[in-house]
Amino acid sequence: GDQRDLHSVHGRRVSDLAIDAGSSEGYVEEVEEAFLSGTRAFYEAEASSMLSTHTCPEYLRHAARRIEEERQRVNDYLTEDTGSQLRSIVEDCLISRHAETLVDSESGGLAMMDNSRLEDLTVMYNLFRTGRQTRRVTVSVRVPGRAGETDVEKELTPLGVLRERMRAHVERQGRALVSDSEDAKDPVRFVTRILNLRRHYHDIVIRSFDADRDFARALRDAFEYFINQDSMCAQFLSLFLDAQFRTGFRSKSAHEI
């Protein structure tokens, strides 16, 4: 049935039922436990269904509506203690437990970054930062003194998942640029592509992720990592600047320079 049915019993406000029960213990036993259990089951089923039939942006907007609806119901019907538990359940069922899927799916966060879906990324960021629950997530990390990366498990919030996935995604794209044989022949083209990559993700961090310092740091770390993997980057930067001083700056504004 409709989720709203869970918020009334015989047409009475849930807050009134606390009084009928005679005590907070009676309220918890007669109303709250069944109410929260039913809410969890409802949103678990809805999330599973929506993820299999809708794109990530569609799912995120639906989740945002649901969370807002529940906030309003807390104000209208519930005690604050029940409302706090309700918010936690809704955020967990709709966002936290599906954070990896929402970021990694075909239409998910990484795809939205690639396609500059800034508005959709803003919706994702705002939803993810409400999630406080952490889950064990496998991420690739660099180990000092070792080549390559190692997979480890970390306890991450939804925002942590998004941040770690972005960092790894930028590093993959940067390594691909560094190893591109065509770019290796043209310093100007190589550095221009690096600068364009940096500008692309800087815009995402500023405009979609609320200039989040942790995301800005992750972006900086990603660029430092792949740029320092090959001395070619420093050599090409020198050649790029030389070319700009010779001819490139003539066609640029003071701001661009």
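Per chain, residue numbering runs from 1 following the sequence as it is written. With the structure being a predicted model, the display of local features is reserved for residues of pLDDT at least 70 and the display and counting of side-chain atom pairs for 80 or more, all residues being used for whole-chain, interface and lining totals. The side-chain figures draw on all heavy atoms in the structure; neither hydrogens nor water molecules are used.

S.K.: When you look at unusual backbone geometry in this model, what are you seeing that I'm missing?
M.R.: Outside of glycine, negative phi angles account for most residues, and trans bonds account for most peptide bonds. The backbone phi angle of Ser116 is positive, close to 55°, even though this residue is not glycine. Secondary structure follows DSSP: runs of H or I at least 4 residues long count as helices, runs of E at least 2 residues long count as strands, and numbering of each begins at the N terminus. In this fold, Ser116 is placed in the loop between α6 (109-114) and α7 (118-128). A positive phi angle is found at Asp210, which is not glycine, with a value near 55°.

S.K.: I would appreciate a short explanation of the environment of Arg73 in the present structure.
M.R.: Relative to the elements of secondary structure, Arg73 occurs in helix α3 (residues 56-77). On the basis of relative accessibility, which here comes to 10%, the residue Arg73 falls in the buried class. Sequence separation of Arg73 and Gly83 is ten residues, and the distance between their C-alpha atoms is 8.4 Å. Two N or O atoms count as a polar contact when they lie within 3.5 Å, although within protein this holds only if one can serve as hydrogen donor and the other as acceptor, and sequence-adjacent residues are included solely when both atoms are side-chain atoms. In terms of polar contacts, Arg73 uses its side chain to reach the side chain of Glu70, at 3.0 Å. Only protein chains enter the accessibility calculation, which uses a 1.4 Å probe; a residue is then buried when its area is under 20% of its type maximum, exposed when over 50%, and partly exposed in between.

S.K.: Looking at this structure, how should I read a nonpolar patch on the surface?
M.R.: Exposure above 30% relative accessible area and the absence of a salt bridge qualify a residue for a patch, where like charges join within 9 Å and nonpolar side chains (Val, Leu, Ile, Met, Phe, Trp, Tyr) within 5 Å. Surface accessibility in these figures is a Shrake-Rupley result with a 1.4 Å probe; residues are shielded only by whichever protein chains are displayed. Within this document, salt bridges are pairs made up of a side-chain nitrogen of Lys or Arg and a carboxyl oxygen of Asp or Glu, the two lying within 4 Å of each other. Taken together, the side chains of Leu237, Leu241 and Phe245 present a nonpolar region at the surface, about 310 Å² in accessible area. Among the structural elements, Leu241 can be located in helix α11 (residues 232-246). Classification of Leu241 by relative accessible area gives partly exposed; the value is 37%.

S.K.: Explain the packing of helix α9 (residues 187-208) against α11 here, please?
M.R.: Pairs of packed helices are described in terms of their axes, by the angle between the two and the distance that separates them. One can describe the packing of α9 onto α11 by two numbers: an axis separation of 8 Å at closest approach and a directional angle of 105°. Viewed along their axes, α9 and α11 adopt a mutual orientation that is roughly perpendicular. Contacts between α9 and α11 involve Pro187, Val188, Phe190, Val191, Thr192 and Leu195 on the former and, on the latter, Met232, Cys233, Phe236, Leu237, Leu239, Phe240, Ala243 and Gln244. When the residues that make up the contact of α9 with α11 are grouped by side-chain class, the tally is twelve nonpolar, two polar and no charged. For helices, the fitted axis covers only the stretch in contact; all axes are lines through C-alpha atoms, and the angles between them, taken along N-to-C directions, range from 0 to 180 degrees. Angles below 35 degrees are treated as roughly parallel, those above 145 as roughly antiparallel, those between 65 and 115 as roughly perpendicular, and all remaining angles as oblique. In this analysis, two residues are considered to be in contact whenever any of their non-hydrogen atoms come within 4.5 Å of each other. Residue polarity follows a fixed list, in which Ala, Val, Leu, Ile, Met, Phe, Trp, Tyr, Cys and Pro are nonpolar, Asp, Glu, Lys and Arg are charged, and the others, Gly among them, are polar.

S.K.: Explanation requested: the pattern of salt bridges in the structure shown.
M.R.: Oppositely charged side chains may form a pair once their charged atoms are brought near each other. Tallied over the entire structure, the rule returns 25 salt bridges. A salt bridge links Arg40 to Asp92; its shortest N-O distance comes to 3.3 Å. Residue Arg40 is located in helix α2 (residues 24-53), and its partner Asp92 is located in helix α4 (residues 80-94); the two are separated by 52 residues in the primary sequence. For Asp92, a relative accessible area of 8% puts it in the buried group.

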